[in-house]
Amino acid sequence: CCHSISVGTMRTTTASQKVTVHVHNALSGNLYATVLVNTGDTVGRCKEIVEAQSSSRLSSLLCGTLHLAESLTLTDCGIHDGATIQALEVSPEEERWIENLSKGWGFKAIPREMQGNRRVAHAAL
C-alpha cells in the first residue's frame, strides 16, 4: 500500500470500487480484520468498519511508517485491493481516562503519566 504516496500528496480520485484490505496490529502483527471497503471511503470510515468487526478501539491507521489522515480517501492513500495496513489500538487505560474526561472529570484528576498522553490530552480539550 501507499508505495507511491508521500506526505501531503494526494492521488486523483477515480470511480470508487470495492477492495479487500487486511488490517493488522502495528505492534504485534495480529490481524484485526479483513474488510471489504470502497476505494472512495475515507480512512476514518475504514477505521470505523475495522473497529466494528474487531471490537477494538483504534487510534489511527498506518501504511508502513505513514500515518493515514482520516479525511483522505483510500484512493488518495494508494490503498489497493489486497493491501495490508496497520492500526494502533487505544489502550484500556487511555480509553478509561478518555471516558472519564467525557464525563466531566478535570484534567488534574488524571494521573501525571497519563497527562502526557497525546490522545488523553486531546480528549481534555
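To start, this report covers the structure provided alongside it. This is a predicted model, so every value here is computed, not measured.

1. Observations regarding the pattern of salt bridges
Per the counting criterion, the structure on display carries four salt bridges. Across the pair glutamate 48 and arginine 45 runs a salt bridge, and its minimum N-O distance is 3.4 Å. Within this pair, glutamate 48 and its partner arginine 45 are both found in helix H1 (residues 43–54), separated by three residues, close to a single helical turn. Residues lysine 47 and glutamate 70 are paired through a salt bridge, measuring 2.7 Å at the closest nitrogen-oxygen approach. Taken together, the residues lysine 47 in helix H1 and glutamate 70 in the loop between strand S4 (66–68) and strand S5 (83–89) connect sequence positions 23 residues apart. Using a relative accessible area of 38% as the deciding quantity, one classes glutamate 70 as partly exposed.

2. Brief notes about the layout of surface pockets
Considered as a void within the structure, the largest pocket measures approximately 300 Å³ in volume. Every residue lining the largest pocket is counted, 15 residues in all, and those nearest its centre are Lys47, Ser59, Arg118, Arg119 and His122. Mapped by element, the contributors of at least two residues to the lining of the largest pocket are strand S3 (58–63), S4 and helix H4 (118–124). Residues belonging to the lining of the largest pocket are distributed by class as follows: six nonpolar, four polar and five charged.

3. Digging into the pairing of S5
Pairing analysis gives five bridges linking strand S1 (residues 18–25) to S5, with the strands arranged parallel. Its bridge partner lying in S5, valine 21 is registered against alanine 83. Alignment of S3 against S5, held across four bridges, turns out to be antiparallel. If you follow leucine 62 over to S5, its bridge partner there is glutamine 86.

4. Considerations on helix H2 (residues 92–102)
Residues of H2 that are buried: Glu94, Trp97, Ile98, Asn100 and Leu101. For H2, the angular spread of the buried residues around the axis is 160°, confining them to a single face. Away from its buried face by more than 90 degrees, H2 exposes Pro92 and Ser102. Packing partners of the buried residues in H2 comprise S5, helix H3 (112–115) and H4. Phi turns positive, to about 100°, at glycine 104, one or two residues after H2.

What counts, and at which threshold
- Residues numbered from 1 in each chain as written.
- Predicted model: local features only at pLDDT ≥ 70, side-chain atom pairs only at ≥ 80, totals over all residues.
- Heavy atoms only, no water.
- Salt bridge = Lys/Arg side-chain N within 4 Å of Asp/Glu carboxyl O.
- Helix = DSSP H or I, 4+ residues; strand = E, 2+ residues; numbered from the N terminus.
- Buried < 20%, exposed > 50% of the residue type's maximum accessible area, 1.4 Å probe, protein only.
- 1 Å grid on protein atoms, 1.4 Å probe; cavity = no way out; pocket = protein on both sides within 12 Å on 5 of 7 lines; lining within 4 Å.
- Points joined across faces, edges and corners; volume = space filled by probe spheres on them.
- Nonpolar A, V, L, I, M, F, W, Y, C, P; charged D, E, K, R; others polar.
- Pairing = 2+ DSSP bridges.
- Arc of directions from axis to C-beta.
- Contact = heavy atoms within 4.5 Å.

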